[in-house]
Amino acid sequence: MAIRIYIDQGHNPAGVNAGAEGFGVREQDITYQVGQFLYNILTEDYRFSAKLSRPTPETTLGYNNTSSLRERVTQANNWPADYFISIHANASENPDINGSEVYVTESYTTAWYLALDVLAEIVRRVGTKYNGVFINPSLYVLRNTNMPAILVELGYITNYEDNQLMVEEPYQFAYGIYVGLLNYLGLPQILF
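A brief look at the structure comes next. Predicted model only: the values in this text are computed from it and were never measured.

Next up on the list: the packing of helix H1 (residues 27-44) against helix H6 (residues 170-185). Their axes nearest at 8 Å, the elements H1 and H6 cross at an angle of 50 degrees. One way to sum up the angle between H1 and H6 is to call them oblique. Crossing hand, H1 versus H6: right-handed. Here Gln33, Val34, Phe37, Leu38, Ile41 and Leu42 of H1 lie close against H6, whose contacting residues are Pro170, Tyr171, Phe173, Ala174, Tyr175, Ile177, Tyr178 and Leu181.

Put into structure tokens, the structure is as follows:
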């Protein structure tokens, strides 16, 4: 039985629940691209089945922030997914703040251990700063999913170096998430 991964590409292309911007780059474009690459990688691996929250760049979920988040959770719960991975890019007022981090609802859970493996592999692969795994039980998509859920902040869109990495290496970020998932599950890599 294939392991079902729901890939939530954070934010909508415009309007409600649109993401952050930095240096003319939009978060929702980065999350769409990384999610699409992750979907392609998982689809080529017979051990997985994957679904995207935004199968096209124009896909818009919901009519406000809450309904947009609810729609993503509902799709994952109804499938039902085995794991939920939400992809985001962080932002800060301070352009010097940079690095990758992952959010979960609590420590020492399935999601927490998965987050550690995913973060380690992203940092190893793309060279972003290791900011750590953080506990945030208030995040809607983590709190309301019925399966282990992680929210990955790839890097800071407001930091020039992180921004350029996310623009130039979306495949490497996606592959990092994939290998982190394999490491967590104890599965060997299959060379494509």
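Picking up where we left off.
Opposite charge on two side chains lets them pair, provided their charged atoms get close. Scanning the entire structure with this criterion turns up 6 salt bridges. Here arginine 72 ties to aspartate 8 by a salt bridge, and the two come within 2.7 Å at their closest N and O atoms. Of this pair, arginine 72 sits in helix H2 (residues 65-78) while aspartate 8 sits in strand S1 (residues 3-9), and the two are 64 residues apart along the sequence. Residues arginine 72 and aspartate 8 agree in their burial class; the two are buried. A salt bridge links arginine 47 to aspartate 45; the shortest N-O distance between them is 2.7 Å. Note on arginine 47: relative accessible area 11%, which makes it buried.

Turning to the sheet that holds strand S6 (residues 100-104), a few remarks are in order. Here we have 6 strands laid out as an open sheet, ordered S4-S1-S5-S8-S6-S7, and mixed in their pairing. At either end of the open sheet lies a strand with only one pairing partner, and these are strand S4 (48-52) and strand S7 (130-135). Within this sheet the neighbouring strands show an average axis-to-axis angle of 20 degrees, counted without direction. The sheet contact formed by strand S5 (residues 83-90) and strand S8 (residues 149-156) spans 6 bridges and is parallel. In the strand pairing of S8, asparagine 90 is matched with tyrosine 156. Sheet contacts for helix H5 (residues 160-168): S5 and S8; angle to S8, the most-contacted strand, approximately 115 degrees.

Once that is clear, we can look at the nonpolar core. Of all hydrophobic cores here, the largest spans 42 residues; its most connected members are Ile5, Leu42, Ile150, Leu154, Ile177 and Tyr178. Of all the secondary structure elements, the ones that give two or more residues to this core are S1, H1, S4, S5, S6, helix H3 (110-126), S8 and H6. If you tally residues by element for this core, the top one is H3, at 9 residues. The residues touching leucine 154, leaving out its near neighbours within four places in the chain, are Ile30, Val34, Ile87, His88, Gly99, Ser100, Ile122, Thr128, Met166, Phe173 and Ile177. Formed by 12 residues, the second largest nonpolar core is a distinct cluster that contains Val73, Phe84, Val141 and Leu142.

On to the pairing of S4, then. Across the two faces of S4 the burial differs, with Phe48, Ala50 and Leu52 buried and Ser49 and Lys51 not buried at all. Across 5 bridges, the pairing between S1 and S4 is parallel. Bridge pairing in S4 places isoleucine 7 opposite leucine 52.

Attention shifts here to the pairing of S1. Counting buried positions along S1 gives 6 out of 7 residues, so the element sits mostly inside the fold. Pairing analysis gives 5 bridges linking S1 to S5, with the strands arranged parallel. Opposite aspartate 8, over in S5, you have serine 86 as the bridge partner.

Conventions we followed
- Numbering of residues starts from 1 in each chain and follows the order in which that chain's sequence is written.
- Reporting in this predicted model follows two pLDDT cut-offs: at least 70 for local features of residues, and 80 or more for side-chain atom pairs to be given and counted; totals over whole chains, interfaces and linings ignore these cut-offs and use all residues.
- Processing note: side-chain calculations cover all non-hydrogen atoms of the structure and skip hydrogens and water entirely.
- Fitted lines through C-alpha atoms give the axes, limited to the stretch in contact for helices. The angle between two N-to-C directions lies from 0 to 180 degrees.
- In this text, helices come from DSSP runs of H or I with a minimum length of four residues, and strands from runs of E with a minimum of two, each type numbered from the N-terminal end.
- Roughly parallel means an angle under 35 degrees; roughly antiparallel, over 145; roughly perpendicular, 65 to 115; everything else is oblique.
- Crossings are classed by handedness, with left-handed meaning an anticlockwise turn of the near helix from the far one by less than a right angle and right-handed meaning a clockwise turn.
- Contacts: residue pairs with any heavy atoms within 4.5 Å of one another.
- One speaks of a salt bridge when a side-chain nitrogen belonging to Lys or Arg is within 4 Å of a carboxyl oxygen belonging to Asp or Glu.
- Throughout this description, buried means an accessible area under 20% of the type-specific maximum (1.4 Å probe, protein chains only), exposed means over 50%, and partly exposed covers the range between.
- At least two DSSP bridges between two strands are required for those strands to pair.
- Take the buried Ala, Val, Leu, Ile, Met, Phe, Trp, Tyr and Cys residues and link them wherever side-chain atoms come within 4.5 Å; each set so joined is a nonpolar core.

Honestly, it's all geometry; don't read function into it.
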